[in-house]
Amino acid sequence: MGSRFATTAESPLASQTKDAVSSLDIDGGSIESDTIYGKNFDGIPARVLQTPVSVKLNAKPASFPLVVYRALLAARSMNIPLWKVLPGLI
């Protein structure tokens, strides 16, 4: 989800997360360099805010079984059919 959409009133994100994304005062300013790019959360490349947790999770590539597990959990939580998730894992 893009930053502009993530911070809208309609977004399901917690207000603290919205504030962190839109704040201009995160360690000197919320700019592109305050983010990291990786694919270790669910196997799909994404840019995320740089936090101690995101740095740790992106320090080394996630194992394929872990990526599959996370993708299936995310799909289940969003009621996405399995057949739509599988092509993205290949």
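Residues numbered from 1 in each chain as written. Predicted model: local features only at pLDDT ≥ 70, side-chain atom pairs only at ≥ 80, totals over all residues. Heavy atoms only, no water.

1. Describing the overall build of the protein
When helices and strands are tallied, the protein shows five helices and two strands. Helices and strands in the protein line up, N terminus first, as α-α-β-β-α-α-α. The 90 residues of the protein split such that 19% are buried. Accessible surface, the protein as shown: approximately 7,000 Å² in total, 62% of it carbon and sulfur. (Helix = DSSP H or I, 4+ residues; strand = E, 2+ residues; numbered from the N terminus. Buried < 20%, exposed > 50% of the residue type's maximum accessible area, 1.4 Å probe, protein only. Areas by Shrake-Rupley, 256 points an atom, 1.4 Å probe, with all protein chains shown as cover.)

2. Remarks on unusual backbone geometry
For N79, which is not a glycine, the phi torsion comes out positive at approximately 55°. The exposure class of N79 is exposed, given its relative accessible area of 70%.

3. Side note on the confidence of the model for the protein
Summarising the model, the protein shows a mean pLDDT of 77, and 80% of its residues fall at 70 or more. No element of the protein has a lower mean pLDDT than helix α1 (residues 3–6), at 71, and none a higher one than helix α3 (residues 52–57), at 85. (pLDDT = per-residue confidence, 0-100.)

4. Here's the deal with helix α4 (residues 64–77)
For α4, with 14 residues, the first-to-last C-alpha span of 20 Å sits near the 20 Å given by 1.5 Å per residue. Considered for burial, the residues of α4 that qualify are V67, A71 and A75. An end-on view of α4 places all buried positions within 65° of arc, on one side of the element. Those residues of α4 that are exposed and aimed more than 90 degrees away from the buried face are P65, Y69, R76 and S77. (Expected span 1.5 Å × (residues − 1). Arc of directions from axis to C-beta.)

5. Comments concerning the side chain of T35
Relative to the helices and strands, T35 resides in strand β1 (residues 35–38). Using a relative accessible area of 18% as the deciding quantity, one classes T35 as buried. With sequence-adjacent residues up to four places away left out, T35 is seen in contact with R47, V48, L49 and Q50. (Contact = heavy atoms within 4.5 Å.)

6. Topic: a nonpolar patch on the surface
Taken together, the side chains of L66, Y69 and L73 make up a nonpolar region of the molecular surface, amounting to roughly 270 Å² of accessible area. Summarising the element assignment, Y69 is placed in helix α4. The class of Y69 is exposed, set by a relative accessible area of 51%. (Patch = residues over 30% accessible without salt bridge, like charges linked within 9 Å, V, L, I, M, F, W, Y side chains within 5 Å. Salt bridge = Lys/Arg side-chain N within 4 Å of Asp/Glu carboxyl O.)

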